Number of protein chains: 2
Amino acid sequence: MPLTHSAPTGRDTSGPEQLRAMTEQVEDGLRTFLARERFRWAREDGRGAEPARAVSELVGAGGKRLRPRFFLSGYLAAGGSPSDAPVRAAMALELLHVSALIHDDVMDDADRRRTRPTVHARHADVHRSRRWFGESRRYGESMAILAGDLAWAYADHLMAGTSRAVAEEWFALKSELIAGQAMDVTAAVELTPDAGLARHIAVLKSGRYTVQRPLTLGAMMAGRTDLAPVFASYGEALGEAFQLRDDLIDAFGDAATSGKPVRQDFGRGKMTLLLALAMRSDARVRELVERGEVDLLHERLSGGTVHAEVEARITRLVERARAALTAADLPPEWRQELATAASLVAYREK
Amino acid sequence: MPLTHSAPTGRDTSGPEQLRAMTEQVEDGLRTFLARERFRWAREDGRGAEPARAVSELVGAGGKRLRPRFFLSGYLAAGGSPSDAPVRAAMALELLHVSALIHDDVMDDADRRRTRPTVHARHADVHRSRRWFGESRRYGESMAILAGDLAWAYADHLMAGTSRAVAEEWFALKSELIAGQAMDVTAAVELTPDAGLARHIAVLKSGRYTVQRPLTLGAMMAGRTDLAPVFASYGEALGEAFQLRDDLIDAFGDAATSGKPVRQDFGRGKMTLLLALAMRSDARVRELVERGEVDLLHERLSGGTVHAEVEARITRLVERARAALTAADLPPEWRQELATAASLVAYREK
C-alpha cells in the first residue's frame, strides 16, 4: 500500500529536485501514518491513545529533519530511485529521533522541545491539574517513557522488511545512540574533564547517529556499500561541527530561537565538547562547573577566547567534511548538495 | 551463523522434547548474544557498556520465560521445524519483555526484580555511593530508560528479516503492550473503579501480550494463520487468569518467593482486576484505596469472600482456555502441552 498520494517522481528530474519531492512524501507519510495510529487507539480508549498523540504532536511541531535528509541524500547520491521503501526508512529515522528526544528530555529534565512543553512536563501538568493520585513527576515521566517506546516501535515497524545489510546498519545506529547517551549521562555526573571522552561521545551521538549512519543506510539501500568510507570521513568531521554548534546554542543561544531551554548543559556539568575544551585551558572553569555557578561560568566563557576558538574549529571541520567529498565517486550535483548540507548543519541557529 | 552449538533436534523426536531442546537453544543464544554485546561495548568504554551489562544481568537472573515458551509451543504445534529463526524470535520475545520490565519498574518505582535490585534502583545507589553530581534518582532512572531501550533494540534486531505477516503481528504485540501500560498507569492515578477497563487492560497486557500474540506469532512463523482464532480464545481466558494470579501474588504473596516486592498494587491504587472486583462489591474497599490504607485494605480483602471468588474465577478461566483447544486442528500432544501450560500459568507462585 503506497504511503502517499503524491505523483511519482520521474527519473529525469535532478537529484536535489528528487530530494525535495521525497522529503514531501516523508512529511505526508508521517502525517498519514500518525493520524491513523491516533485514530486506531482513540477508538478503543483515550488513555491508551495518549502515547500516539504525544508522538504525533511532537512530529507535527517541526524539527530540522536532519536524519531523513541525510538518509535520502545518501540514497539518491548512490543512484537510488524514488520509491516507498526509502520514504518509509526516512520516516523511521525521524521517529527514532523523536523517541530519543522524548527519552533524553526526561534524562535532562528539559521542559520545552520544539517550542512546546516536553512530553513528561505536559503529562506532569495534567496530573497536577486533575489532582490525580500519586506523584505528578512520576506520572509525567511514565507517559514519556511510553511515548518514546511507541515512537521507537513505529520506527522499527517502518524499517521492517529491509535487507540484512541495512538491518545491521540500523541496529548499529540504534545501539551507538544508546551507548553514546549512557556515556554522556555518566560523564556528566562524574564531572570528568576528559576532552577525549567528550569527543568520542560526539562521534557516537552526532557524527555517526546524525550524519554518517543515515547517509550510509541510504547508500546501502540503493545497493552501494563502497561509499561507506567517504560518508564516515564526512560524517565524523561534520558530526563534531554539529555537536559544537549544539553546545554553542546551549551556551550562548536564545531559547525563543532554538525552541528549547538554553544554558542547560553546563548548569548540570554536562561534559560537552565546548566545556571540555574550556576546562582543559582554564582551571577556573572547572571550579565554576563543580560549584554549579551557571552565571559566572557563562560570563567566563563569553569573555575568554573559547567562543572564538570553537568557531574557528567549526570552520576547519566543515572544510574537512567537504574535502572528504572531493575524491568520492559521486555525481557533482550531490557533492554540491552535501557541501551545502554541511554549512546548514554547522551554521544553524537551532 | 548458527546461534548455538547444540546438536540439531531431529524431526523424529516428540513435540515436547523439541520444545525442551529449543528452549535450551534460546537460553544458550541469549547468553552468547549478550556476552558478545557486553564485550563489544566494554572494549570501547565502561560507561557505554552499562546498559548492555544491565540487560545481560536481568536476563541471567532467570524469569519464567513464558513468552518464549508460548511462542515455541505455537511454532511447534503448528508443525514448524526446529531452526535458527524461531530460536531468535523466542530470544526477541524475552528481550522485549526484559525491556518492558525495566521500564515498568521505573513507572512503579519498584526496588526489586527477579530477586535483585531493579536497574534504576541499582544505578541510583551507584550514583549515591560515588557522590556523583546531580540527583541520584534521575541518574538511576536515566540508566534504566537506556537499558530498556537497548533490550528493545536487541529484540527488534533478533526479529529482523521475518515475513511481512510476522512483522505485522510483532508490531501489534508491541503497540498493544505500550497502549495497555498507558491505560494501566493512567487508570491507577485516576482511581477509576471500572471493572470493564481493568479487564480490557488485562486482555491487552496479559492475554494478548503474554499468551495469544506469542502463540500466534509462532504459528505464523510456521506458516499457519488458521490457528489465530483458537489461540485468541485460549489467550484471552488464560491471560485473565494470569493477571488475576499476578494480582493475588501481589496482594497475598510472599516477596521472597516472588523475587519482587508485594503489596505494591493496591498501595498505589492500581486498578487491578482483583481490586476492580472488590471495589464493585464493597464500598469500604474503595474508601480504603483512596485513603491509601494498605494494611486495612489487605485485612479487608483477606477477610472477605473476594479471595475465594477470584480463585473460583481462575478455575473457570483455565477450563475455558482448555475448552478452546478441544476442537482445534492440533496434534493431541500439543493440546495436552498447552493444557498443562495453562495450569502452570494460572497456579504459579511467582
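The coordinates are above.
Residues numbered from 1 in each chain as written. Chains lettered and ligands numbered in written order. Predicted model: local features only at pLDDT ≥ 70, side-chain atom pairs only at ≥ 80, totals over all residues. Heavy atoms only, no water.

### Concerning the overall build of chain A
In terms of regular secondary structure, chain A is built from 15 helices and two strands. What you see for chain A is a C-alpha radius of gyration of 21 Å, in line with the 20 Å of a compact globule of 350 residues. Seen through its principal axes, chain A has C-alpha atoms that stretch 60 × 60 × 35 Å. Out of the 350 residues in chain A, the part that is buried amounts to 60%. Once local pairs closer than 6 in sequence are excluded, the contacts in chain A between residues at least 24 apart make up 72%. If you sum the accessible surface of chain A, you get close to 13500 Å²; carbon and sulfur atoms cover 50% of it. (Helix = DSSP H or I, 4+ residues; strand = E, 2+ residues; numbered from the N terminus. Rg over C-alpha atoms; globule rule 2.2 N^0.38 Å. Buried < 20%, exposed > 50% of the residue type's maximum accessible area, 1.4 Å probe, protein only. Contact = heavy atoms within 4.5 Å. Areas by Shrake-Rupley, 256 points an atom, 1.4 Å probe, with all protein chains shown as cover.)

### Focus: the relation of the copies chain A and chain B
Between the two chain copies there is a screw-like relation: a rotation about an axis and a shift along it. Superposition of chain A onto chain B requires a rotation of 180° combined with a translation of 0.0 Å along the rotation axis, giving an RMSD of 0.0 Å. Given the turn and translation reported, the copies of this chain are related as if by a two-fold rotation axis. Taking the C-alpha atom as reference, chain A places Gly161(A) closest to the rotation axis, 3.1 Å from it. Interface overlap between copies is the fraction of interface residues in one copy that are interface residues in the other; for chain A against chain B it reaches 100%, indicating a shared surface. (Least-squares fit on C-alpha atoms with pLDDT ≥ 70 in both.)

### A closer look at unusual backbone geometry
Note: most peptide bonds trans; most residues except glycine with negative phi. Residue and element names in this part refer to chain A. The phi dihedral of Asp109 falls on the positive side, at around 50°, and the residue is not glycine. Its location among the elements puts Asp109 in the loop between α4 (84-108) and β1 (112-113). Taking the relative accessible area as the measure of exposure, Asp109 reaches 39% and is therefore partly exposed. Residue Arg131 is not a glycine yet carries a positive backbone phi of 55°. Within the fold, Arg131 resides in the loop between α5 (119-129) and α6 (136-159). A relative accessible area of 76% places Arg131 in the exposed class.

### Observations regarding the packing of helix α2 (residues 46-60) of chain A against α5(A)
Residues and elements named next belong to chain A. Running from N to C, α2 and α5 point in directions that differ by 130°, and their axes come no closer than 11 Å. Relative to α5, the element α2 lies oblique. Classified by chirality, the crossing of α5 by α2 is right-handed. Here Glu50, Arg53, Ala54 and Glu57 of α2 lie close against α5, whose contacting residues are Val119, Arg122 and His123. (Axes fitted to C-alpha atoms, helices over the stretch in contact; angles between N-to-C directions. Parallel < 35°, antiparallel > 145°, perpendicular 65-115°, else oblique. Left-handed = near helix turned anticlockwise from the far one by under 90°.)

### Description of the nonpolar core
Core analysis: the largest hydrophobic core is formed by 225 residues, its most contacted members being Val55(A), Tyr234(A), Val55(B) and Tyr234(B). If sequence neighbours within four positions are ignored, Val55(B) has contacts with Leu34(B), Leu95(B), Val98(B), Ile102(B), Ala147(B), Ala151(B) and Tyr154(B). (Core = buried A, V, L, I, M, F, W, Y, C linked by side-chain atoms within 4.5 Å.)

### So, the pattern of salt bridges
Residue and element names in this part refer to chain B. Evaluation of the coordinates by the stated rule reveals 62 salt bridges over all chains. The partner of Glu37 in a salt bridge is Arg40, and the shortest N-O contact between them spans 3.1 Å. One end of the pair is Glu37 and the other is Arg40, both in helix α1 (residues 15-44) and three residues apart, which spans about a single turn. For Glu37, a relative accessible area of 6% puts it in the buried group. For Arg40, a relative accessible area of 29% puts it in the partly exposed group. Arg208 is the salt-bridge partner of Glu176, the closest N and O atoms lying 3.0 Å from each other. Of the two residues, Glu176 sits in helix α7 (residues 164-190) while Arg208 sits in helix α8 (residues 195-221), which places them 32 residues apart along the sequence. (Salt bridge = Lys/Arg side-chain N within 4 Å of Asp/Glu carboxyl O.)

### Things to note about the interface of chain A and chain B
With 59 residues of chain A at the contact, the number on the chain B side is 59 residues. Together chain A and chain B conceal approximately 5400 Å² of surface at their shared face, both sides included; 66% is due to carbon and sulfur atoms. Among the residues of chain A in contact with chain B, Arg47(A), Phe133(A) and Arg138(A) are the three that bury the most area, contributing 15% of the side total. Linking chain A to chain B there are eight salt bridges. (Buried area = accessible area lost by both parts, 1.4 Å probe.)

### Remarks on the packing of aromatic side chains
Each aromatic ring pair is specified by the distance between its two centres and by the angle formed by the two planes. Scanning the model with the defined rule gives 10 aromatic pairs over all chains in all. Members of the aromatic cluster, joined through ring pairs, are Phe33(A), Tyr154(A) and Phe171(B). (Phe/Tyr/Trp six-rings, centres within 6.5 Å; stacked < 30°, edge-to-face > 60°.)

### Some points on the environment of His123(A)
All names here are of chain A. Tracing the backbone through its elements, the reader meets His123 in helix α5. A relative accessible area of 3% places His123 in the buried class. Setting aside its immediate chain neighbours within four residues, His123 contacts Glu50, Arg53, Ala54, Tyr139, Gly140 and Met143. At 3.0 Å, the side chain of His123 forms a polar contact with the side chain of Glu50. (Polar contact = N/O pair within 3.5 Å; in protein donor to acceptor, adjacent residues only side chain to side chain.)

### A word on the environment of Leu146(B)
Checked against the element boundaries, Leu146(B) lands in helix α6 (residues 136-159). Taking the C-alpha atoms as reference, Leu146(B) lies 14 Å from Arg38(B); in sequence the two are 108 residues apart. Beyond its immediate sequence surroundings of up to four residues, Leu146(B) is in contact with Met107(A), Ile178(A), Gln181(A), Ala182(A) and Pro51(B).

### A word on the side chain of Arg114(A)
Residues and elements named next belong to chain A. As for its position among the elements, Arg114 is in the loop between β1 and β2 (116-117). Residue Arg114 is classed as buried on the basis of its relative accessible area of 12%. Side-chain polar atoms of Arg114 contact the backbone oxygen of Leu58, separated by 3.1 Å. A polar side-chain atom of Arg114 sits 2.9 Å from a polar atom in the side chain of Glu94. With sequence-adjacent residues up to four places away left out, Arg114 is seen in contact with Leu58, Val59, Ala61, Gly62, Gly63, Arg65, Glu94, His97, Val98, Leu101 and Gly259.

### Considering α6(A)
For α6(A), spanning 24 residues, the distance from its first C-alpha to its last is 35 Å, which sits close to the expected 34 Å at 1.5 Å a residue. A large share of α6(A) lies buried, amounting to 23 of its 24 residues. (Expected span 1.5 Å × (residues − 1).)

On their own, these measurements won't tell you what the molecule is for.
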